[in-house]
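Chain and residue survey
Read off the chains here:
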Amino acid sequence: ESLITQIKELLKDQVEEVAGILSSAVKDIHELTFELSSLTLETLGLGAAIIEWVEHKIKPQCGLVVDVVDKHDRGRIGHLQSVIMFRNVRELLTNVLKHAQADKATVLLEQEEGAIRVTVNDNGIGFNPEHMQRNVSPNGGLGLFSIEERLSDFDGSLVIESRAHYGTKIVMTAPHSETTEGVTR
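Procedures and definitions
In this convention, every chain numbers its residues from 1, walking through the sequence in written order. For a predicted model such as this one, the threshold for reporting local features is a pLDDT of at least 70, and the threshold for listing and counting side-chain atom pairs is 80 or more; totals across whole chains, interfaces and linings nevertheless cover every residue. Just so you know, side-chain values use all the structure's heavy atoms and leave hydrogens and water out. Note: two strands are recorded as paired if DSSP finds a minimum of 2 bridges between them. Strands here are runs of E lasting at least two residues and helices are runs of H or I lasting at least four, both read from the DSSP assignment and numbered beginning at the N terminus. The path from the first strand over the helix to the second decides the hand: if it runs clockwise while the strands point away from the viewer, the crossover is right-handed. Burial classes follow relative accessibility: with a 1.4 Å probe on protein chains only, a residue under 20% of its type's maximum area counts as buried, one over 50% as exposed, and anything between as partly exposed. In what follows, salt bridge is the name for a side-chain nitrogen of Lys or Arg lying within 4 Å of a carboxyl oxygen of Asp or Glu. In these notes, a set of buried Ala, Val, Leu, Ile, Met, Phe, Trp, Tyr and Cys residues joined through side-chain atoms within 4.5 Å is what counts as a nonpolar core. In this description, contact between two residues means that some pair of their heavy atoms is separated by no more than 4.5 Å. For patch detection, residues must exceed 30% relative accessible area and be free of salt bridges, and they are connected within 9 Å for like charges or within 5 Å for nonpolar side chains (Val, Leu, Ile, Met, Phe, Trp, Tyr). For every accessible area listed, the method is Shrake-Rupley and the probe measures 1.4 Å; residues are considered covered only by the protein chains on display. Charged-residue counts in this description rest on Lys and Arg as positive and Asp and Glu as negative, His and the chain ends being excluded. Charge coordinates come from a single atom per side chain, which is NZ of Lys, CZ of Arg, CG of Asp or CD of Glu. Helix axes are fitted to C-alpha atoms over the stretch in contact, other axes to C-alpha atoms as well, and angles between N-to-C directions run from 0 to 180 degrees. Should an angle lie under 35 degrees it is considered roughly parallel, over 145 roughly antiparallel, and from 65 to 115 roughly perpendicular; all remaining angles are considered oblique. What makes a crossing left-handed is the near helix being turned counterclockwise from the far one by less than a right angle; a clockwise turn instead makes it right-handed. Amino acid classes used here: Ala, Val, Leu, Ile, Met, Phe, Trp, Tyr, Cys and Pro are nonpolar; Asp, Glu, Lys and Arg are charged; the rest, including Gly, are polar.

Another aspect to go through is the pairing of strand β2 (residues 104–112). Side chains on a regular strand alternate between the two faces of the sheet. Bridge analysis of strand β1 (residues 65–71) against β2 gives seven bridges, and the strand direction is parallel. The residue of β2 that forms the bridge with Val-68 is Val-107. Note on the crossover from β1 through helix α3 (residues 79–100) to β2: the handedness is left-handed. Linkage of β2 to strand β3 (residues 115–122), two consecutive antiparallel strands, is achieved through a turn of two residues, within which Gly-114 is found at a positive phi near 75°.

Listed below in structure tokens is the structure:
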């Protein structure tokens, strides 16, 4: 019986070591992903980074055509806002792909007085925004609530227009100034 106990302890230690290695690897991947998206945004700008992401991640998954229209002034938006908006657009388009049953979506980047406005439209099945899930989804994401929280960190806003069978329009607005340098979610 002591041999069985020794084996159990040895296996437990090995499992804990592997779990630690995996946890570290996941953290490294998240950091690398953030650095790569930051590099792409710095080099190409928000609109071009969204187009590149759509070409590599959305287009290969048949059925959804995404048009990206970039009318914003690249030099006016801060790096943090670019990163947050890029992340939010990725999350919104992923939601469209998974849930909206849409075949077309549009991402529109526009200049406003002192701000950037990003609109994501789809022609999908829509939903009732009042019943929007305000907590963690089954796959672990925080969805629209997470997007709203990230925007509120730098006085941005989120407006959702949707109803059944008429698609969804989500408008995100963020000021140009980087008032929350270093804040990430």
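Glancing now at the environment of Thr-106. Mapped onto the secondary structure, Thr-106 falls in strand β2. Exposure remark for Thr-106: the relative accessible area of 25% places this residue in the partly exposed category.

As enumerated under the stated definition, the model contains five salt bridges in all. One salt bridge connects Glu-55 with Lys-59, and the closest N-O pair in it is separated by 3.3 Å. The exposure class assigned to Glu-55 is partly exposed, which follows from its relative accessible area of 40%. Residue classification places Lys-59 among the exposed positions, given a relative accessible area of 53%. Measuring nitrogen to oxygen at the nearest pair gives 2.9 Å for the salt bridge that ties Arg-117 to Glu-110. Exposure remark for Arg-117: the relative accessible area of 23% places this residue in the partly exposed category. Sharing partners across several salt bridges, the network here consists of Glu-110, Glu-112 and Arg-117.

On to the nonpolar core, then. The biggest cluster of nonpolar side chains holds 36 residues, and the ones touching the most others in it are Leu-46, Ile-50, Val-66, Leu-93, Val-107 and Met-172. Secondary-structure elements contributing two or more residues to this core are α2 (46–58), β1, α3, β2, β3, α4 (143–152) and β5 (168–175). With ten residues, α3 is the single largest residue contributor to this core. The residues contacting Ile-50, other than those within four sequence positions of it, are Val-68, Phe-86, Val-89, Val-107 and Leu-109.

Side chains of Glu-9, Asp-13, Glu-16 and Glu-17 sit close together on the surface and give a patch of like negative charge. Summarising the element assignment, Glu-16 is placed in helix α1 (residues 2–44). The exposure class of Glu-16 is partly exposed, given its relative accessible area of 48%.

Right, let's talk about the sheet that holds β1 for a bit. The strand order across the open sheet formed by five strands is β1-β2-β3-β5-β4, and the pairing between neighbours is mixed. Either end of the sheet is taken by a strand with one partner, and the two such strands are β1 and β4 (157–162). Neighbour-to-neighbour, the strand axes of the sheet open up by a mean angle of 10°, direction not taken into account. Taken together, the eight bridges between β2 and β3 define a ladder with antiparallel strand orientation. In the strand pairing of β3, Glu-112 is matched with Ala-115.

Turning our attention to the packing of α3 against α4. Orientation of α3 relative to α4, taken along the N-to-C sense of each, is 165°, at an axis distance of 10 Å. If you check the angle between α3 and α4, you find them roughly antiparallel. In this structure, α3 meets α4 at a crossing whose hand is left-handed. On α4, the residues that touch Ile-84, Met-85, Arg-87, Asn-88, Glu-91 and Leu-92 of α3 are Gly-143, Leu-144, Ser-146, Ile-147, Arg-150 and Leu-151. Classifying every residue of the contact of α3 with α4 by side-chain character gives six nonpolar, three polar and three charged.

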